[in-house]
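What the coordinates show
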Amino acid sequence: MPVALFMTVIHTLAYQAAYHYGWWKETGSSLFGWDKVVPVPWVYGAYLVIVIWMFRFTFEKFWLYLTVNILLDGLFMYLVYPIWQRIGLVSSESTVPTIAVVAMMVGFAIIIYLYQLWQDEVFKQPKAD
């Protein structure tokens, strides 16, 4: 759970940067009037659950974790997202190439993997009396 919450913070910051610098707009994915910057259903729902399950099945197997992440991120950005754009679920306004978004997602995956390794070490250390 800590790694999923950490990923939520990272995604929130990334969406805020994207909004500020005009990298992309997520107007079509808004469920509420107040979530124009960060798409709440994705960042605080789907991403959180996906991260938990990814770590459940691939943690401590880095190459499997990285491979599955690259495949899922690529499939999402090159297959699912374009379909969602065509049916109007998400905006197609972006100034960042798709490969750069995939690279950013993979970079986030590596960061949270390192964070989880650090968390494991912290919780394994014996407590001082």
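Residues numbered from 1 in each chain as written. Predicted model: local features only at pLDDT ≥ 70, side-chain atom pairs only at ≥ 80, totals over all residues. Heavy atoms only, no water.

**Side note on a nonpolar patch on the surface**
The condition is simple: A patch is a set of surface residues, each over 30% in relative accessible area and not in a salt bridge, joined within 9 Å for like charges and within 5 Å for the nonpolar side chains Val, Leu, Ile, Met, Phe, Trp and Tyr. Each accessible area is a Shrake-Rupley estimate made with a 1.4 Å probe; only the visible protein chains count as cover when residues are assessed. We define a salt bridge as a contact between a side-chain nitrogen of Lys or Arg and a carboxyl oxygen of Asp or Glu at a distance within 4 Å. To qualify as a helix, a DSSP run of H or I must reach at least 4 residues; to qualify as a strand, a run of E must reach at least 2; elements of each kind are numbered from the N terminus.
A cluster of nonpolar residues, M1, L5, V49, I52, W53 and F57, forms a patch on the protein surface that exposes about 600 Å² of accessible area. Looking at the secondary structure, you find F57 in helix 2 (residues 40-58).

**Here we look at the packing of helix 1 (residues 2-21) against helix 4 (residues 98-124)**
Put simply, the rule is: Helix axes are fitted only over the stretch in contact, all axes being lines through C-alpha atoms; the angle between N-to-C directions runs from 0 to 180 degrees. Crossing handedness: left-handed means the near helix sits turned counterclockwise from the far one by under a right angle, and right-handed means the same turn made clockwise. Throughout, a residue-residue contact means that at least one pair of heavy atoms, one from each residue, lies within 4.5 Å. Residues were grouped as follows: Ala, Val, Leu, Ile, Met, Phe, Trp, Tyr, Cys and Pro as nonpolar; Asp, Glu, Lys and Arg as charged; and all remaining residues, including Gly, as polar.
One can describe the packing of helix 1 onto helix 4 by two numbers: an axis separation of 10 Å at closest approach and a directional angle of 145°. In the packing of helix 1 onto helix 4, the handedness of the crossing is right-handed. Residues P2, V3, F6, M7, I10, H11 and A14 of helix 1 lie in contact with helix 4, whose contacting residues are F108, I111, I112, Y115, Q116 and Q119. Among the residues making up the contact of helix 1 with helix 4, the classes are represented as 10 nonpolar, 3 polar and no charged.

**Quick word on the confidence of the model for the protein chain**
Do not read the predicted coordinates in detail wherever pLDDT is low. To keep things clear, this is the line we draw: Think of pLDDT as the predictor's per-residue confidence, scored from 0 to 100.
Confidence along the protein chain averages 82 in pLDDT terms, with 85% of residues attaining 70 or more. Looking across the protein chain, the model is least confident in helix 2, with a mean pLDDT of 83, and most confident in helix 3 (residues 62-86), with 90.

**Here's the deal with the nonpolar core**
Threshold: Residues belong to a common nonpolar core when they are buried Ala, Val, Leu, Ile, Met, Phe, Trp, Tyr or Cys residues joined through side-chain atoms within 4.5 Å. Think of it in three bands: residues with accessible area under 20% of the maximum for their type are buried, residues over 50% are exposed, and the middle band is partly exposed, with areas taken using a 1.4 Å probe on protein chains only.
If you look at the biggest cluster of nonpolar residues, it comprises 15 residues, and the most contacted ones within it are M7, V51, F55, Y65 and I112. For this core, the elements supplying multiple residues, two or more each, are helix 1, helix 2 and helix 4. Residue contributions to this core peak at 5 residues, all from helix 1. Ranked by size, the runner-up nonpolar core spans 12 residues in total, among them Y15, Y47, V102 and V106.

**Quick word on the environment of T95**
Along the chain, T95 falls in the loop between helix 3 and helix 4. Given a relative accessible area of 60%, T95 falls into the exposed group. With 72 residues separating them in the primary sequence, T95 and W23 have C-alpha atoms 5.0 Å apart. With residues near it in sequence (within four places) discarded, T95 still touches G22 and W23.

**Focus: helix 1**
Put simply, the test is: Every helix has an expected span of 1.5 Å times one less than the residues it contains.
An ideal rise of 1.5 Å per residue puts 28 Å on 20 residues; helix 1 measures up with 29 Å between its terminal C-alpha atoms. Looking at helix 1, one finds that the buried residues are V3, A4, M7, T8, I10, H11, T12, A14, Y15 and A18. G22 lies just past helix 1 and shows a positive phi near 70°.

**Concerning the packing of aromatic side chains**
Selection criterion: Whether two aromatic rings pair depends on their centres lying within 6.5 Å, for rings of Phe, Tyr and Trp, where Trp uses its six-membered ring; planes under 30 degrees apart make the pair stacked, over 60 edge-to-face, and the rest tilted.
Tallied over the entire structure, the rule returns 13 aromatic pairs. Centre to centre, the rings of F62 and Y113 are 5.1 Å apart; their planes meet at 65°, and the pair counts as edge-to-face. Of this pair, F62 sits in helix 3 while Y113 sits in helix 4, and the two are 51 residues apart along the sequence. Taking the relative accessible area as the measure of exposure, Y113 reaches 5% and is therefore buried. Within the aromatic cluster, the residues linked to one another by ring pairs are F55, F59, F62, W63, Y65 and Y113.

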